[in-house]
Amino acid sequence: MAVYRGTVLWFSGEQDVHLVEDGALVVDESGHVERVARWDELTGEQRVNAVQDYRDDLILPGFIDAHAHSGQVDAIASPGGDLMAWLKDYVYPAEAKFRDVDYAREASSAFLDMMLAAGTTTACVHTTSFKTSTDAFFAAAKERDLRMVAGKVLMDTGAPDELLDPSVGQAEDDCRELIERWHGEGRALYAMTPRFGPTSTVELLRMAGRLYREHDLWMQSHLAETRDEVDHSLERFADLKPRSYLDVYDQCGMVGPRSVWAHCIWTDGPADWDVLRSKGAGIAFCPTSNLFLGSGLFPLARARRAGVRVAFGTDVGAGTSYSLLATLNEAYKVSALQGDHLTALQGFYLMTRGAAEALQLEDRIGGFHSGAEADFVVLDFAATPVLKRRTENVGDIHERLFALAMLGDERAVKATYVMGRRAHPR
Ligand SMILES: [Zn+2]
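Participant: Now, about the nonpolar core: what can you tell me, with residues and values included?
Facilitator: Counting 114 residues, the largest nonpolar core has F111, M192, W261, F298, F348 and L379 as its most contacted members. Viewed by domain, this core spans two of them, domain 1 (2-62 + 366-424) and domain 2 (63-358), each represented by three or more residues. In this structure F298 touches H263, C264, I265, W273, I283, F285, N290, A303, V310, V334 and Q338, once residues within four positions along its chain are discounted. Counting residues in hydrophobic clusters, the runner-up holds 18 residues, among them I64, V149, C286 and I365.

See the structure below:
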């Protein structure tokens with residue numbers, strides 16, 4: 001048994017906040033949470049077992065990034081252009097490098113280490129079109145014992161030839177092989193990963209939907225990131241007479257529980273929110289990416305009022321940070337521009353339990369209930385001179401949490417633990 005002393009914050013539902021100042025996170029030998037207690041509730045023997053004193057720090061469940069691209073590790077902060085231009089000029093060449101297996105291994109490891117340094121312990125990850133790049137990613141995640149949701153990117157039109165699946169049949173064979181090898185292997189979970197409408201035929205989307213349902217997998221793709229993409233998709237799939245872009249995916253059997261849709265800025269309003277809510281699907285809101293590419297402002301408050309499950313995504317490499325704290329900072333501003341103001345608790349909920357609910361993984365991660373997998377992050381209120389000064393002189397814990405949420409990034413991450421073992425710094 002191990003005990004971590006600090007201010008402990010976690011959620012068992014949006015309104016169910018557990019905030020224990022001078023608390024203790026108790027982790028059992030198998031790397032699962034035993035309980036959260038007040039420090040003074042522990043027995044003398046348990047206090048002796050305290051392997052780590054984080055009395056001045058905040059202990060939270062590990063952050064969950066609902067949308068990122070391991071294939072874009074070296075495309076982050078590439079200048080210029082909207083979505084389509086940026087894909088063509090920077091992203092496709094960057095992803096093409098993953099044909100080289102050695103590069104794919106090194107890049108996947110670097111990507112995961114940067115996530116851990118940012119306090120992120122689970123992510124929904126698009127790898128690249130190359131089956132070997134998906135193998136490399138899952139192998140690197142397994143080495144680190146991480147609960148990762150990932151899949152091979154599917155594209156069979158509208159992108160450079162070297163990145164296209166040669167046929168839907170071949171793509172299906174590749175996916176079946178990867179599912180067999182990785183889904184449920186250790187902590188790995190497989191997600192069918194068609195990139196988006198403009199690079200898919202209807203046959204490819206139907207195949208993705210079929211395997212998702214057949215194997216109870218996860219599903220991830222982009223939806224309504226830009227107006228161009230929506231127009232392009234409605235035109236491409238006109239034969240389906242879709243009500244909306246989402247309806248294309250829905251008609252292909254892709255929308256349901258464990259499906260996560262990145263962006264959703266230009267969706268078709270209430271009707272689409274209703275489909276996403278009623279089917280138990282999740283949205284990944286990626287503010288640094290949306291601002292970087294000029295895609296638009298996601299209506300977070302409206303989506304949540306409609307009852308849709310929402311999480312944050314970094315969307316590295318269109319996103320400009322691996323840090324979900326930095327992402328929350330931008331989410332706050334995007335919401336403020338629309339007249340809504342996130343609280344620190346809402347933000348931390350969306351980064352942990354809320355994201356786990358969007359991924360339908362809340363029984364295992366995102367909280368400190370008994371039996372949860374002990375992935376957690378320790379944040380330092382005094383990580384930078386600005387943070388230290390700002391958080392030192394406030395009495396109210398909520399104001400301190402807000403300052404940490406706004407001013408924090410990788411520098412605020414004192415340690416990241418995976419299944420009760422310290423994974424960062426190593
Ligand atoms: Zn993306």
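Participant: Run through the pairing of strand 1 (residues 2-13), naming residues and quoting values.
Facilitator: Where burial is concerned, most of strand 1 is hidden: 11 out of the 12 residues are buried. Judged from the 10 bridges that link them, strand 1 and strand 2 (residues 16-27) form a sheet pairing that is antiparallel. Opposite W10, over in strand 2, you have H18 as the bridge partner. Linkage of strand 1 to strand 2, two consecutive antiparallel strands, is achieved through a turn of two residues.

Participant: Describe in detail the pairing of strand 2, supporting the description with residues and values.
Facilitator: Pairing between strand 2 and strand 3 (residues 33-38): five bridges, direction antiparallel. By the bridge assignment for strand 3, V27 is matched with V33.

Participant: Describe the coordination of the zinc ion, naming the residues involved and giving the relevant values.
Facilitator: Protein coordination at the zinc ion comes from H67 (NE2), H69 (NE2), H222 (NE2) and D315 (OD), with a distance range of 2.1 to 2.4 Å. Coordination at the zinc ion is irregular: its four donor atoms span angles of 89 to 171° at the metal. One chain supplies every donor to the zinc ion, and in sequence these donors are spaced H-x1-H-x152-H-x92-D. With H69 in strand 5 (residues 63-69) and H222 in strand 10 (residues 218-223), the pair connects residues that are 153 residues apart, well separated along the chain. The pair formed by H69 and H222 is uniform in burial state, with each residue classed as buried.

Participant: Give me a negative patch on the surface: which residues, what numbers.
Facilitator: On the surface, D82, D228, D231 and E235 cluster together into a patch of negative charge. One can find D228 in helix 7 (residues 227-236). Judged by its relative accessible area of 46%, D228 falls in the partly exposed class.

Participant: Summarise the environment of D28; cite the residues concerned and give the values.
Facilitator: Examined against the element boundaries, D28 turns out to sit in the loop between strand 2 and strand 3. D28 sits in the partly exposed class, given a relative accessible area of 27%. Here the side chain of D28 touches S30 through a polar contact of 2.8 Å, side chain to side chain.

Participant: Go over helix 13 (residues 344-351) with me, naming the residues and quoting the values.
Facilitator: Of all the eight residues making up helix 13, seven are buried; the element is thus mostly covered by neighbouring parts of the structure. By the burial criterion, the buried members of helix 13 are A344, L345, G347, F348, Y349, L350 and M351.

Quick notes on the rules
Residues numbered from 1 in each chain as written. Predicted model: local features only at pLDDT ≥ 70, side-chain atom pairs only at ≥ 80, totals over all residues. Heavy atoms only, no water. Core = buried A, V, L, I, M, F, W, Y, C linked by side-chain atoms within 4.5 Å. Buried < 20%, exposed > 50% of the residue type's maximum accessible area, 1.4 Å probe, protein only. Domains from an automatic or database assignment. Contact = heavy atoms within 4.5 Å. Helix = DSSP H or I, 4+ residues; strand = E, 2+ residues; numbered from the N terminus. Pairing = 2+ DSSP bridges. Donors = N, O, S within 2.8 Å, 3.2 Å for Na, K, Ca; no water. Tetrahedral: all angles 85-135°; square planar, octahedral: opposite > 155°, others 65-115°. Patch = residues over 30% accessible without salt bridge, like charges linked within 9 Å, V, L, I, M, F, W, Y side chains within 5 Å. Areas by Shrake-Rupley, 256 points an atom, 1.4 Å probe, with all protein chains shown as cover. Salt bridge = Lys/Arg side-chain N within 4 Å of Asp/Glu carboxyl O. Lys, Arg positive; Asp, Glu negative; His and termini not counted. Charge placed at Lys NZ, Arg CZ, Asp CG, Glu CD. Polar contact = N/O pair within 3.5 Å; in protein donor to acceptor, adjacent residues only side chain to side chain.

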